[in-house]
Amino acid sequence: MMGYTREELIGSHIHTMTHHSHADGSIYPSENCRVYNAISGRKGVHVSNEVFWRKDGTSFAVAYSAFPILRDGVAVGGVVNFVDISDRIRTEETMRTNQERLNLAQSVGRIGTFDHDFSTNQSVWSDELLNIYKLPREHANMSISRWLEYVHPEDRWRVKEQVRHSMTTGKLAAEWRIVRPSIGGKPGEVRWIQAKAKVFTDYWGKPLRVVGINMDITSRKQVEAALVEAKQVAEQASRTKSEFLANMSHEIRTPMNAVIGMLYLLQQTPLNDKQKDYINKIDTAAHSLLVIINDILDFSKIEAGKLDLESTEFRLSDVLVRLADMVNAAARQKNIELAIVSAPDVPNCLIGDPARLGQILLNLSNNAVKFTEQGSVVVSVTAGEVEGDMVALRFVVRDTGIGMTPEQTQKLFQAFTQADSSTTRKYGGTGLGLAISKQLVEMMGGTIGVTSQFGRGSEFAFTVRFGICIEAERVPVLPIRDIAAMRALVVDDFEVARASLCAMLRGFGLKVTEVDGGRAALQEMVRAGDAGEAPYDLVMLDWKMPEMNGVDVAQHIRANAGIGGTPLIIMVTAYGRDEVMSATRSLRIDGVLIKPVSPFIVLETLYSALGIKGGPQIVPGAKRLGAKRRHKTLAGRHILLVEDNAINQEVARSILEGEGAKVDLAVNGAEAVSFIGTSGADIDAVLMDLQMPVMDGYEAARRIRRLPAYADLPIIAMTANAMAQDRQQCLRMGMNDHVSKPIDVAQLLDRLNQWMKPRAGVKSAIERVDVEGAVDGTAPPGESGAADGIPANLPGIDVDAALGRLQGDVKLLRRLLRGFADTNAGTAKRIRQALDDDNLAEAQRLAHTLKGTAGNLGAMDLFRAAEVFDGTLKRRQQDRFAEHFAILRDRLSEVLRSLEQLEVDPTPLAKTDPLPGASVERVDRQKLLEDCLRLIDSLQSHDMDSFAILEDLKRRLVGVGLEGEVQAVETTLTVLDFKTAGASAQVLADKLRTL
């Protein structure tokens, strides 16, 4: 250990060799050396830490004992025992360093430690823990009860329970407040503590010790409180902004309602041509202003995070049809070709927000038309990646307009920004449309971009994702036996539209030839005949073409059968059906296709032209815009109008009275409540403004609902407050629905008729008119508003609701209910068989059809059961099929048992009163044909208005010789077989053409 040999040590001075210096190298005088003094006989010593020196000059730490050896009291030697304590010293140094580091960490992190011994009920606290509590060092050992005195009084009971609970769980994690000792008479400071601890127990689970930490989290709590306060301030700012938006909407829409409403009323009065022109231009400008207002509100709602997207089932074809209806007029006015093309593999039945998709497409399409002086605008949609039940769709809007420079494209999609100032001056616009479109696309999980070449046109493309719903009715993908061998000639000068139509026909198995003009079509038919080829079975003609339009080509074909036989001729047009029928009055046209066309519509038109029964069933969708509206829809109704604005009063009152209603007026909510509560008036509905003096509409609706006699009175908000939360608030306050200003007359009337119940003495809510508007004020013989022949209690059927949809026609309802019973007697069995055969498409088709019919006839429990079952089929929730089918079956059985009470009440055609002197000569054949085509459109949409249209046709056709054809339509429609009724109506139309 020392490095010396025995020989070297014998006779040597021990101090000089091993103990000559201190640890720092300084001389250790021998007279001070405790070893030397002990051996010299003075006194034995124990030394815990000194250094000894080795032969090689290195030192090491030792603990030693030195004692003299005495003989006769005289020291003759000594004994020294020593131990190398270098490892212990290093360990102690490491522990000391670690402790210093721990103390530093605790100080920086404001974390104190404690160790409580349950056997002594004493705790050992670290310096930092004492510092956190601001306690002196003598409090380092503390009992639990003493510690609890420093816990905030409001937290003390809870903390005691948490500590007690930790004895069982072995862990403690909690937060509480402490109160530091008071200083100088001032109240002690309150601090927040976060604690974590572990309890150690013996073999039997008895607690022995608890070791843990306390951390001062006061700063964090202060930050959290500041964040909460900031969040509350932000939420208040958001609420303020939302309230401002609502008020702005109200303040702007109120005068707009007056402008547009008065224009509507003015349009109902006799006007000369110049006045009509002025009114139409003002109306266009007013609606353009409304678009700008809506854009500003939409942008503001997006910025405020208040715009929500819907998630509902819709048909893409309906969105594209509406787009065409709204853009076609502007395109035709500029002589621009508009084409809307959907790829064959694009799913038609989707789940998402159709309104917002339509808004994006309309904005891009309107811009394309606005910035294009000649050429075309093409809207196309293709399918991208499919993941599960989601599909990515890519929409492209391409034009041949003015285009943009790279610098201009960089400025797009920014709010309130056009390409440049010259664009704003020449074309107008706020620059909001593209910004809103971009944000809507991003909200729908997609992206949008633009490519453009100055002077050559632009292409806007965006991709969004939609859910795919299961559509039982699909266009067949295999050739159809009846049409697969047909030869078709497609004639269209616009390549995109022509190529799209050709692709659809080829997909159905037809052999297709395409040409780009009328003369080329005639030349092709002559060529085919000269070559001995089979004649063309079908010619699809675009109406508006240069040099020779579709009508001219059709006339030539019909007048010269030798050039190509007698093919079916279908006219394809972006204009209206009525315009085509008027232009081809003297021609036999076998069908009309309104652009944009879809595979569904093309195939249905082919089936119809060929007279094939059982053609493709088209899912009912939205009606085409521009249909003629009926008048006097509110005849015999009593409506209370609650409105404080004098102009809005006049607008709404004139509209309602013009529809035949009796109108009472209240200028605020208090007057409305008083009128209803004291007058005893038999009111059918209340139209309620929301923002009014004295009492607003919300409070008025709440008070009306308290009146027992008016608990079910329809209350419809008619207000300029158009925000989503306004609608929700209306429903929460007991209103039935919401109509925004400016008033959409058709929407207002639809909502009123939807909610108002049938009344005794009101024979018909709609006085039928023909397409020219001539009123027939007579009701069918024997019909009254009372439910004659229908029991007062039909379990499972809401008779009032059904009569409301049929405008109070009791006889018709009775016939429809009997037809429903006959048609659906075996529906449950057919659904069960479809499920057993794993034919979910058939099961869903049956459930979907049953749902729509039940809803129309007021079988609401059955409707809801069918809706739920239909949903489980769409989502393929096989584990729920049996459960929901059983509910559907029971609801259907209940309705069928209930309908057994009804007696069959057929209405023979012969009982219908004919028009005076009806004959082939006196009947306007073209007029009847147009109405018959309108009936076909209505049947395709599964519209209950089909009954009224058929009734009018039936009355006018008595004595003409088509009773059998009319009866065929009526028989199938009575059992709500819209599909077969549509095929029969097509037969009727064909017969009308030959009169």
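Residues numbered from 1 in each chain as written. Predicted model: local features only at pLDDT ≥ 70, side-chain atom pairs only at ≥ 80, totals over all residues. Heavy atoms only, no water.

Draft legend 1. Region of interest: the pairing of strand 25 (residues 715-719). Along strand 25, five of the five residues are buried, which leaves the element largely enclosed by surrounding structure. By the alternation rule, side chains of strand 25 split into Ile715, Ala717 and Thr719 and Ile716 and Met718, which are all buried. Here strand 24 (residues 685-688) pairs with strand 25 via three bridges, running parallel. Residue valine 686 lies in a different strand from strand 25, and its bridge partner there is isoleucine 715. (Buried < 20%, exposed > 50% of the residue type's maximum accessible area, 1.4 Å probe, protein only. Helix = DSSP H or I, 4+ residues; strand = E, 2+ residues; numbered from the N terminus. Pairing = 2+ DSSP bridges.)

Draft legend 2. Layout of the environment of aspartate 712. With respect to the helices and strands, the residue aspartate 712 is situated in the loop between helix 22 (697-706) and strand 25. Judged by its relative accessible area of 59%, aspartate 712 is exposed. Setting aside chain neighbours within four positions, we find aspartate 712 in contact with Arg705 and Lys757. (Contact = heavy atoms within 4.5 Å.)

Draft legend 3. Structural view of helix 27 (residues 827-836). Within helix 27, burial applies to Thr827, Ala828, Ile831, Ala834 and Leu835. All buried residues of helix 27 fall inside an arc of 125° around its axis, so they share one side. Among the exposed residues of helix 27, those pointing more than 90 degrees away from its buried face are Lys829 and Asp836. The first or second residue beyond helix 27 is aspartate 838, which carries a positive phi of 60°. (Arc of directions from axis to C-beta.)

Draft legend 4. Here's a closer look at the nonpolar core. By size, the foremost hydrophobic cluster in this structure holds 60 residues, and its most contacted members are Phe820, Leu835, Leu862 and Leu957. Residue contacts for leucine 957: discarding those within four places in its chain leaves Leu928, Leu962, Glu963, Val966, Leu988 and Leu992. By size, the runner-up hydrophobic cluster in this structure holds 39 residues, among which are Leu323, Ala331, Val377 and Val391. (Core = buried A, V, L, I, M, F, W, Y, C linked by side-chain atoms within 4.5 Å.)

Draft legend 5. The sheet that holds strand 2 (residues 59-71), seen in detail. Read across the open sheet, the three strands follow the order 1-2-3; overall the sheet is antiparallel. This sheet does not close on itself; its edge strands, each paired only once, are strand 1 (45-53) and strand 3 (74-84). Taken over all neighbouring pairs, the strand axes of this sheet differ in orientation by 40° on average, direction set aside. By the bridge criterion, seven bridges tie strand 1 to strand 2 in an arrangement that is antiparallel. Across the sheet, residue histidine 46 finds its bridge partner in strand 2, namely serine 65. (Axes fitted to C-alpha atoms, helices over the stretch in contact; angles between N-to-C directions.)

Draft legend 6. Quick peek at the side chain of asparagine 363. For asparagine 363, the location among the structural elements is in helix 11 (residues 354-370). Residues contacting asparagine 363, with those up to four places away along its chain left out, are Gly433, Leu434 and Ser437.

Draft legend 7. Layout of the packing of helix 11 against helix 14 (residues 433-443). Between helix 11 and helix 14, the least distance of the axes is 10 Å, while the angle of their chain directions is 145°. Handedness of the crossing formed by helix 11 with helix 14: left-handed. From helix 11, Arg356, Gln359, Ile360, Asn363, Leu364 and Asn367 reach across to helix 14, where they touch Gly433, Leu434, Ile436, Ser437, Leu440 and Val441. Residues of the contact of helix 11 with helix 14, tallied by class, amount to six nonpolar, five polar and one charged. (Left-handed = near helix turned anticlockwise from the far one by under 90°. Nonpolar A, V, L, I, M, F, W, Y, C, P; charged D, E, K, R; others polar.)

Draft legend 8. Focus on unusual backbone geometry. Residue valine 694 is not a glycine yet carries a positive backbone phi of 70°. You can see valine 694 is positioned in the loop between strand 24 and helix 22. Phi at aspartate 838 is positive, roughly 60°, even though this residue is not glycine. Inspection of the secondary structure assignment puts aspartate 838 in the loop between helix 27 and helix 28 (840-856). With relative accessibility at 57%, the residue aspartate 838 sits in the exposed group.

Draft legend 9. Region of interest: the packing of helix 21 (residues 669-679) against helix 22. The contact between helix 21 and helix 22 brings their axes to 8 Å, and the two run at 15°. Classified by the interaxial angle, the pair formed by helix 21 and helix 22 is roughly parallel. Considering the relative orientation of helix 21 and helix 22, their crossing is right-handed. Seen from helix 21, the contacting residues are Gly669, Val673 and Ile676; seen from helix 22, they are Ala700, Arg703 and Ile704. (Parallel < 35°, antiparallel > 145°, perpendicular 65-115°, else oblique.)

Draft legend 10. How the structure looks around the pattern of salt bridges. Scanning the entire structure with this criterion turns up 42 salt bridges. Here arginine 465 ties to glutamate 387 by a salt bridge, and the two come within 3.8 Å at their closest N and O atoms. Linking arginine 465 in strand 16 (residues 457-468) with glutamate 387 in strand 13 (residues 376-387), this pair joins segments that are 78 residues apart in sequence. A salt bridge links glutamate 533 to arginine 527; its shortest N-O distance comes to 3.1 Å. Residue classification places arginine 527 among the partly exposed positions, given a relative accessible area of 36%. The network of salt bridges with common partners includes Glu154, Asp155, Arg158 and Arg177. (Salt bridge = Lys/Arg side-chain N within 4 Å of Asp/Glu carboxyl O.)

Draft legend 11. Expanded view of the packing of aromatic side chains. Using the criterion set out here, one finds eight aromatic pairs in the structure. Taking the centre distance of 5.6 Å and the plane angle of 65° together, the rings of tryptophan 147 and tryptophan 176 count as edge-to-face. One end of the pair, tryptophan 147, is in helix 6 (residues 144-148); the other, tryptophan 176, is in strand 7 (residues 171-179), with 29 residues separating them in the sequence. Note on tryptophan 147: relative accessible area 12%, which makes it buried. Pairwise contacts between aromatic rings join Phe52, Tyr64 and Phe82 into one cluster. Residue placement shows lysine 198 over the ring face of phenylalanine 200; its charged tip is 5.8 Å from the ring centre. (Phe/Tyr/Trp six-rings, centres within 6.5 Å; stacked < 30°, edge-to-face > 60°. Lys NZ or Arg CZ within 6 Å of the ring centre and 35° of its normal.)

Draft legend 12. Local environment of the confidence of the model for the chain. Residues of the chain with pLDDT of at least 70 account for 80%, and the chain-wide mean is 78. For the chain, helix 13 (residues 421-427) is the element with the lowest average pLDDT, namely 44, and strand 8 (residues 190-201) is the one with the highest, namely 93. Predicted confidence for residues 418-430 stays below pLDDT 50, and this span has 23 contacts to residues more than four positions away or in other chains. When the criterion is pLDDT under 50, residues 905-922 qualifies, and its contacts beyond four places in sequence or with other chains add up to 25 contacts. (pLDDT = per-residue confidence, 0-100.)

Draft legend 13. Inspection of a nonpolar patch on the surface at higher detail. A cluster of nonpolar residues, Ile69, Val74, Val76 and Val79, forms a patch on the protein surface that exposes about 310 Å² of accessible area. Here the nonpolar patch takes three residues from strand 3, the largest share from any one element. Tracing the backbone shows isoleucine 69 in strand 2. (Patch = residues over 30% accessible without salt bridge, like charges linked within 9 Å, V, L, I, M, F, W, Y side chains within 5 Å. Areas by Shrake-Rupley, 256 points an atom, 1.4 Å probe, with all protein chains shown as cover.)

Draft legend 14. Representation of the environment of phenylalanine 460. Note on placement: phenylalanine 460 falls in strand 16. On the accessibility criterion, phenylalanine 460 (10% relative accessible area) is buried. Expressed as a C-alpha distance, the spacing of phenylalanine 460 and leucine 364, which sit 96 residues apart in the sequence, is 7.4 Å.

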